[in-house]
Amino acid sequence: MNYEPLIERDLEAIPAAAHAFLESHAPEELWVSIARFAVLAYAPSQHAKRAVMACRAAYDVRDELGDRWPELVIECARYAAAARQPWSEPPILEPPAPSSGDVAELRLAMSEGDRLAAERWLSARLHDAEIALRELAHGDALLMLDTATALLPHLGEKGRYALLRMPIWELIATPATTDDDAPLATLIARAVETNGAVDAVTAVFIAAARSAERNAGVPPAEQPASPPPALAPYELARDYAQTLIAHSVARRLPSELAQQLLHAVHYHLEHGDSYADWSFA
C-alpha cells in the first residue's frame, strides 16, 4: 500500500488508498502492510502502542467482521497514522552492534534508562530474546512482547528486530512497573465495576497476556443476562482501541469472563469519554 497518506497523517485519504490497493491485492495483504507501518511508527506512547495492538487484534477477529473486515483494517491504518510521531527520516531497521548478550546488561540498561544499550543487547540476543524478555517484561512491555510474538509469523523474520524493539523500549520507559497479581476473574470484576475504565481493562489485558490460568479457583461474577454487542469498525482512538483488543483477548478467556469483559468495554465505548481528541504528538 502507498504509505504517503499515512506518513502525512492525511486521514481522509487513507480509505481511498486502501481501496485502490485492494483492487489488486487480498485483504490479508492490506493488513500486513498496515501492521508493518504500525510497527515502524511505534513509540512508547499510549496511542502508538495501542495502534500496534489493534493491528494484532484485528487479525484475530477477522472472522467476526466477515465482509466488513477491510473496514476495520482501514480504521487500524487511520489510527496508526494519527498516532505516529513525526520523523525526519525513516526509522532505523538494522540492529546496532551487539553487546555480549548477558541479561545483566539489559537489567543495567533498564536501571539507567539506556535505550541504546538495551538495543545492543537485543542485537546480540535477537534469535532468542523472547525467552529472556518473558522473565523481565511487565505492564505495557509485556503487552508489546505478546503483540510482537503474535505478529512475528505474519510479518516475517526480517521484522524481528523492529518487533522485539517494542518491548525493549517499554522496559526502558517504565522499568519499575509492578503488575496487579489479582486473579483474572477479580480483575474483570473491577473492569465491570468501573464500566470499562481504561486502566482497569488494561490490567485485564496484562493478566491475560501473562497467563489465562490466573482465573483458576476464582468464581466468576454473575453471568450477563444478554450477549455482548457485536464488534463493528469504529474510530479506534475513541477508547485506545480497547474494545477491539478486548474482542481478541476474550477468545482466550472462559466464556462467562469473556462476556463480562466485552459488556464492560462496549459500555465504555458508548458512554465513556473519548480519547480521540487527545494530542497524538
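Overview of the structure. (Residues numbered from 1 in each chain as written. Predicted model: local features only at pLDDT ≥ 70, side-chain atom pairs only at ≥ 80, totals over all residues. Heavy atoms only, no water.)

Once that is clear, we can look at the environment of Ala207. Mapped onto the fold, Ala207 is located in helix 13 (residues 198-210). In this structure, the C-alpha to C-alpha distance between Ala207 and His138, residues 69 residues apart in sequence, is 9.7 Å. (Helix = DSSP H or I, 4+ residues; strand = E, 2+ residues; numbered from the N terminus.)

Scanning the entire structure with this criterion turns up 15 salt bridges. Among the ionic pairs, Asp146 bridges to Arg56, the shortest N-O distance being 2.9 Å. Of this pair, Asp146 sits in helix 10 (residues 139-155) while Arg56 is found in helix 4 (residues 46-60), placing the two residues 90 residues apart along the sequence. When sorted by exposure, Asp146 lands in the same class as Arg56, which is buried. (Salt bridge = Lys/Arg side-chain N within 4 Å of Asp/Glu carboxyl O. Buried < 20%, exposed > 50% of the residue type's maximum accessible area, 1.4 Å probe, protein only.)

All right, on to the environment of Ala246 then. You can see Ala246 is positioned in helix 14 (residues 242-249). On a C-alpha basis, the gap between Ala246 and Val204 in space is 9.1 Å, while along the polypeptide they are 42 residues apart. Residue contacts for Ala246: discarding those within four places in its chain leaves Phe205, Leu261, Leu262 and Val265. (Contact = heavy atoms within 4.5 Å.)

Bringing the packing of helix 10 against helix 13 into the picture now. Put simply, helix 10 and helix 13 touch, their axes get as near as 9 Å, and they point 55 degrees apart. Put simply, helix 10 runs oblique to helix 13. Viewed along their axes, helix 10 and helix 13 form a crossing whose handedness is left-handed. Counted together, Gly139, Asp140, Leu142, Leu143 and Asp146 of helix 10 and Thr202, Phe205, Ile206, Ala209 and Arg210 of helix 13 form the full contact between these two elements. Within the contact of helix 10 with helix 13, the residues separate by chemical class into five nonpolar, two polar and three charged. (Axes fitted to C-alpha atoms, helices over the stretch in contact; angles between N-to-C directions. Parallel < 35°, antiparallel > 145°, perpendicular 65-115°, else oblique. Left-handed = near helix turned anticlockwise from the far one by under 90°. Nonpolar A, V, L, I, M, F, W, Y, C, P; charged D, E, K, R; others polar.)

So, about the side chain of Gln242. Relative to the helices and strands, Gln242 resides in helix 14. Residue classification places Gln242 among the buried residues on the basis of a relative accessible area of 0%. Polar side-chain contacts of Gln242 include one of 2.8 Å to the backbone oxygen of Gly196. Contacts of Gln242, omitting those with residues within four sequence positions, involve Arg50, Gly196, Ala197, Val198, Val201, Phe205, Tyr234, Val265 and His268. (Polar contact = N/O pair within 3.5 Å; in protein donor to acceptor, adjacent residues only side chain to side chain.)

On to unusual backbone geometry. You will see that Arg9, though not glycine, has its phi angle at about 55 degrees, which is positive. Relative to the elements of secondary structure, Arg9 occurs in the loop between helix 1 (4-7) and helix 2 (14-22). On the accessibility criterion, Arg9 (30% relative accessible area) is partly exposed. At Tyr240, a position not held by glycine, the phi torsion is positive, near 55 degrees. Here Tyr240 lies in the loop between helix 13 and helix 14.

On to the nonpolar core. Core analysis: the biggest nonpolar cluster contains 104 residues, and Met1, Leu30, Trp31, Ile34, Leu244 and Leu261 have the highest contact counts within it. Top contributing element to this core by residue count: helix 6 (residues 69-83), with 10 residues. Those residues in contact with Trp31 that lie beyond four places of it in its chain are Cys55, Ala58, Tyr59, Trp69, Val73, Leu151 and His154. (Core = buried A, V, L, I, M, F, W, Y, C linked by side-chain atoms within 4.5 Å.)

What helix 8 (residues 115-124) keeps buried is the set Ala118, Glu119, Trp121, Leu122 and Ser123. Where helix 8 is buried, its residues meet helix 7 (103-112), helix 9 (129-136) and helix 11 (160-173). Where helix 8 begins, one side-chain oxygen reaches toward the backbone nitrogen of Leu116, 3.3 Å away; that side chain belongs to Asp114.

It is worth spelling out the packing of helix 9 against helix 10 at this point. Where helix 9 contacts helix 10, the axes come no closer than 10 Å and their chain directions differ by 155 degrees. Accordingly, the angle class assigned to the pair helix 9 and helix 10 is roughly antiparallel. Crossing of helix 9 against helix 10: the hand is left-handed. Contact residues: helix 9 offers Glu130, Leu133 and Arg134, while helix 10 offers Leu142, Leu145, Thr149 and Leu152. The class makeup of the residues in the contact of helix 9 with helix 10 is four nonpolar, one polar and two charged.

Function cannot be read off these values alone, since they describe shape.
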